[in-house]
Amino acid sequence: DVLDPERLIQCPLVKHHRIRARRFPYHLVKCKESNPEIAKKLATCPFNARHLVPQADLSDHIMKCSDKAFMDQDVVSRPCEPPQGQLNSGSTWQAPPCDEDWEKELLEGSESTFVWASLHYSEQNPP
């Protein structure tokens, strides 16, 4: 079963590695780091990052990749044009009016200065 998370998958980098499907993406990352020379010779499938194939075989893999069908299906099912309501409506949101005048407040000076943590510990808890 393709969707079975417990099935064993052969690692494309080290052939004697057998990994459970649910752990396979994590294994690929670690195995690439542990085997950089082998990883350099492999290419990643554009349809499924779990598919690592020899660079020379990538174009053949792309033509036959089973995940390509999902991508083609997704592209075909999407509409080519946005819905009519989105074409020329633009955004109708407007900012609410603002009564603040920071320059004026700065020139007048603030009557109440905000002080963060103005009380000392000894003032809060007398001995």
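Residues numbered from 1 in each chain as written. Predicted model: local features only at pLDDT ≥ 70, side-chain atom pairs only at ≥ 80, totals over all residues. Heavy atoms only, no water.

**Side note on the pattern of salt bridges**
Proximity of charged atoms lets side chains of opposite charge pair with each other. Stated formally: By definition here, a salt bridge exists when the distance from a side-chain nitrogen of Lys or Arg to a carboxyl oxygen of Asp or Glu is within 4 Å. Strands are runs of DSSP state E lasting at least 2 residues, helices are runs of H or I lasting at least 4, and numbering of each runs from the N terminus.
Applying the stated criterion across every chain yields a total of four salt bridges. Here Glu 6 and Arg 20 are joined by a salt bridge, their closest N and O atoms 3.5 Å apart. Within this pair, whereas Glu 6 is found in the segment before strand S1 (8-10), its partner Arg 20 is found in strand S2 (residues 18-20), the two being separated by 14 residues in sequence. The network of salt bridges with common partners includes Glu 6, Arg 20 and Arg 22.

**Some words on the UniProt feature "domain: CHHC U11-48K-type" (unreviewed entry) in the protein chain**
Quick note on the threshold: UniProt positions are given in the numbering used here, feature names are shortened, and annotations may be inferred rather than shown by experiment.
Mapped onto this structure's residue numbering, the UniProt feature "domain: CHHC U11-48K-type" (unreviewed entry) falls at residues 8-35 and 42-69. Structurally, residues 8-35 is divided into 39% helix and 21% strand, and its ends, taken at the C-alpha atoms, are 21 Å apart. The annotated region residues 42-69 carries 32% helix and 21% strand content, and the separation between its end C-alpha atoms amounts to 22 Å.

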